[in-house]
Amino acid sequence: MSTPAMPAENRFRQYLQDLYFGDDRGARRFRYGLVVFDVLTIAFFILAATVQDQWWVIPLDFLLGGLLSIELLARLYAETDRRGHILSFSMAADIAVIASLFLPVLLENLAFLRIFRALRLLRSYHLLKDLRSSSLWFRLHEDVIQRSLNLAVFIFIVTSFVYVTQHNLNSGIRTYVDALYFTITTLTTTGFGDITLIGPGGRLLSVVIMIVGVSLFLRLLQAIFRPHKVRFECPDCALRIHDVDAVHCKHCGRVLPIPTDGAV
């Protein structure tokens with residue numbers, strides 16, 4: 001007796017679920033493609049912030065907003081827990097990004113929504129699980145990659161905030177590149193002093209950049225220059241970072257069956 005064919009709607013939903021949540025090579029490539037798309041959209045956001053008076057910015061805003069809307073609906077359709085996804089932070093961030101593409105065309109003084117475009121970078125964290133399971137190179141350099149991503153997300157979001165809050169009242173910050181320049185010089189404590197933020201809010205933002213940014217930068221340097229470690233949670237004491245050739249847990253002495261791919 002033959003099995004009834006699955007309705008076309010169910011087949012399509014199963015196809016989307018395989019793409020977004022599957023573990024095969026095709027699903028991973030699809031998710032890698034989404035991250036590449038996010039990188040391209042961020043590049044466009046930076047470009048649009050520097051040439052916002054050009055005629056082609058508005059049509060591209062609409063086109064990109066349409067593509068992001070389609071991708072958002074497809075992901076929502078594939079979700080098994082739609083209510084939980086609708087109430088999640090990632091959904092709110094995606095809606096804010098799409099709104100930032102459509103609303104400034106219809107209304108004035110909504111430039112602050114550009115800050116939310118930086119949230120597209122947060123999707124990159126979902127890539128870490130795929131890379132951890134499929135790439136030996138990633139597992140060997142996970143700390144450096146993850147801390148680099150943390151620093152990049154912080155720089156992009158803070159730069160967007162500096163640009164939005166200062167470009168209308170600060171003669172030193174006219175473009176996104178000016179805001180990026182200020183963020184990097186402040187974060188690295190170079191402090192040339194040719195650009196400073198105006199007002200109490202600007203000074204407080206500078207303090208946040210110096211404290212948080214420098215901390216993230218130092219953690220990245222620590223991951224680069226310290227001896228290489230491997231992540232494996234000890235069943236007894238939960239210590240997660242060990243030497244590559246560790247046989248026993250340095251904290252409690254338990255024998256550790258750390259998986260290894262051999263010499264690299």
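Residues numbered from 1 in each chain as written. Predicted model: local features only at pLDDT ≥ 70, side-chain atom pairs only at ≥ 80, totals over all residues. Heavy atoms only, no water.

Caption draft 1: Region of the structure containing unusual backbone geometry. The phi torsion at A238 lies on the positive side, around 70 degrees, for a residue other than glycine. With respect to the element layout, A238 can be found in the loop between β1 (229–231) and β2 (241–243). (Helix = DSSP H or I, 4+ residues; strand = E, 2+ residues; numbered from the N terminus.)

Caption draft 2: Layout of the confidence of the model for the protein chain. Taken over all residues, the pLDDT of the protein chain has a mean of 78, while the share at 70 or more is 79%. Ranking the helices and strands of the protein chain by mean pLDDT puts helix α9 (residues 176–187) first, with 88, and helix α6 (residues 127–134) last, with 66. (pLDDT = per-residue confidence, 0-100.)

Caption draft 3: View of empty space enclosed by the protein. One pass over the structure, following the stated rule, counts two cavities of 30 Å³ or more. Of the voids in this model, the second largest cavity is the one considered here, and its volume is about 30 Å³. Around the second largest cavity, the lining residues are R147, N150, L151, L216, R219 and L220. Put simply, the parts of the chain that give the lining of the second largest cavity at least two residues each are α8 (142–166) and α10 (199–225). Its residues assigned to classes, the lining of the second largest cavity comprises three nonpolar, one polar and two charged. (1 Å grid on protein atoms, 1.4 Å probe; cavity = no way out; pocket = protein on both sides within 12 Å on 5 of 7 lines; lining within 4 Å. Points joined across faces, edges and corners; volume = space filled by probe spheres on them. Nonpolar A, V, L, I, M, F, W, Y, C, P; charged D, E, K, R; others polar.)

Caption draft 4: Spatial organisation of a nonpolar patch on the surface. Side chains of V207, V208, M210, I211 and V212 sit close together on the surface and give an oily, nonpolar patch of about 390 Å² of accessible area. With respect to the helices and strands, the residue I211 is situated in helix α10. Looking at I211, the relative accessible area reads 55%, which means it is exposed. (Patch = residues over 30% accessible without salt bridge, like charges linked within 9 Å, V, L, I, M, F, W, Y side chains within 5 Å. Areas by Shrake-Rupley, 256 points an atom, 1.4 Å probe, with all protein chains shown as cover. Salt bridge = Lys/Arg side-chain N within 4 Å of Asp/Glu carboxyl O. Buried < 20%, exposed > 50% of the residue type's maximum accessible area, 1.4 Å probe, protein only.)

Caption draft 5: Structural detail: the environment of Y20. Topologically, Y20 is positioned in helix α1 (residues 8–21). Counting along the chain gives 10 residues from Y20 to F30, while the straight-line C-alpha distance between them is 7.7 Å. Setting aside chain neighbours within four positions, we find Y20 in contact with F30, R31, L34, E71, A74, R75 and A78. (Contact = heavy atoms within 4.5 Å.)

Caption draft 6: Representation of the nonpolar core in the model. Counting 19 residues, the largest nonpolar core has V162, Y163, I173, F182, L187, L197 and I209 as the members making the most contacts within it. Breaking this core down by element, the ones donating at least two residues are α8, α9 and α10. At eight residues, α8 tops the list of elements feeding residues into this core. When neighbours within four sequence positions are excluded, L197 is seen to be in contact with V162, Q166, N170, I173, F182, G202, L205 and S206. By size, the runner-up hydrophobic cluster in this structure holds 12 residues, among which are A48, L64, L72 and M91. (Core = buried A, V, L, I, M, F, W, Y, C linked by side-chain atoms within 4.5 Å.)

Caption draft 7: Molecular detail of the environment of R82. Looking at the secondary structure, you find R82 in helix α4 (residues 82–86). Those residues in contact with R82 that sit more than four places away from it in its chain are R13, L76 and Y77. A polar contact is formed between the side chain of R82 and the backbone oxygen of Y77, at a distance of 3.2 Å. (Polar contact = N/O pair within 3.5 Å; in protein donor to acceptor, adjacent residues only side chain to side chain.)

Caption draft 8: Region of interest: the pattern of salt bridges. This model, assessed by the stated rule, comprises three salt bridges. For E71, the salt bridge goes to R75, with nearest N and O atoms at 3.1 Å. Note that E71 and R75 are positioned in helix α3 (residues 57–78) at a spacing of four residues, about one turn of the helix. With respect to class, E71 is no different from R75; both count as buried. Through salt bridges with shared partners, a single network forms among E71, R75 and D94.

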